[in-house]
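Report on the structure
These are the residues of each chain, in order.
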Amino acid sequence: MPSYKRPGALLPMSTGYCPGCLHGLATRLVADAIEELNQQKNAINVVSVGCSALNLYSWCGDDIGAAHGRAPAVATGIKRCLPDRLVFTYQGDGDLAAIGLAEIMSAANRGENFTVIFANNQTYGMTGGQMAPTTLVGQKSTTTPYGRDPVTTGYPLKMCELISVLEAPVFVARYALNSPKGVMDAKKGIKKAFELQLAGKGFTFVELLTNCPTNWGMSPLATLDYMNTNTVPYFVPGVYKDKEGGKQ
Ligand SMILES: Cc1ncc(C[n+]2csc(CCOP(=O)(O)OP(=O)(O)O)c2C)c(N)n1
């Protein structure tokens, strides 16, 4: 069900994100799921480095900051010490798929019982739009001004596909936040991941395809079309692994 009121896990303020940035919507969806599960006082937000971390300002609950890329290690420690808490990381693609690639693969492979929310905007937003591991082939960034060339920079990393081949993860899914259906599905996926964690099932990973109007150099509306034409065909949304099955 869509909700039209601010969830209790968010303070009554604007997000601080640039106009049209989908990080704000992603934050809202996480907060909605937490409220629906009545976990506001129980949730711990493990904050990463990047624009992804700005959700901290509007977050009304427990949180802890991690060094760049190290949120999965911090979440591992917290969840092992406080197994009854709802622990999640919220990470960008630079944080998770570049400097933190070993961290995320190791935590997923160990089957740690926490949830990763992965906001993939295909750029290093906070530092000025450099190429990220997920920047699309041909996509311009400040470090690939003629577009990403796989000959020199390789291909965009598909994190859901990589993580879903590991034995331990229980739920791995990707959603695109550029359409109403994608948004509604994403909320269900986040909620399902949290429910699995609360049931002690193991590692859950939810990728959210987002945008960066400022660094992509486009209007917010143009980024949604760009995502439709370019991002979604490459990073195909869907449930990549669902060990427990059941309704989403
Ligand atoms: C150890 C370390 N290296 C580099 C940086 C600089 N830095 C800050 S944010 C960032 C990239 C963040 O990009 P991403 O994770 O994609 O998040 P976004 O800002 O796009 O949401 C980098 C490289 C840092 N803070 N710490």
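Residues numbered from 1 in each chain as written. Predicted model: local features only at pLDDT ≥ 70, side-chain atom pairs only at ≥ 80, totals over all residues. Heavy atoms only, no water.

Here's the deal with the environment of Pro 237
With respect to the element layout, Pro 237 can be found in the loop between α10 (220-234) and β7 (238-242). The class for Pro 237 is partly exposed, based on a relative accessible area of 33%. Taking the C-alpha atoms as reference, Pro 237 lies 8.8 Å from Glu 207; in sequence the two are 30 residues apart. Contacts of Pro 237, omitting those with residues within four sequence positions, involve Arg 174, Tyr 175, Ala 176 and Val 232. (Helix = DSSP H or I, 4+ residues; strand = E, 2+ residues; numbered from the N terminus. Buried < 20%, exposed > 50% of the residue type's maximum accessible area, 1.4 Å probe, protein only. Contact = heavy atoms within 4.5 Å.)

Details of the pattern of salt bridges
All told, the structure shown has 14 salt bridges when counted by the stated rule. The partner of Glu 36 in a salt bridge is Lys 191, and the shortest N-O contact between them spans 3.1 Å. Here the residue Glu 36 occupies a position in helix α1 (residues 22-36), and Lys 191 occupies one in helix α8 (residues 180-198), the gap between them amounting to 155 residues. On the basis of relative accessibility, which here comes to 24%, the residue Lys 191 falls in the partly exposed class. As a salt-bridge pair, Glu 112 and Arg 80 come within 2.6 Å of each other at their nearest N and O atoms. Taken together, the positions of Glu 112 in the loop between α5 (101-110) and β4 (115-120) and Arg 80 in helix α3 (residues 71-81) put the pair 32 residues apart, joining distant regions of the chain. Judged by relative accessible area, Glu 112 falls into the buried class, the value being 6%. What makes Arg 80 exposed here is its relative accessible area of 58%. (Salt bridge = Lys/Arg side-chain N within 4 Å of Asp/Glu carboxyl O.)

Just distances and angles here, no functional claims.
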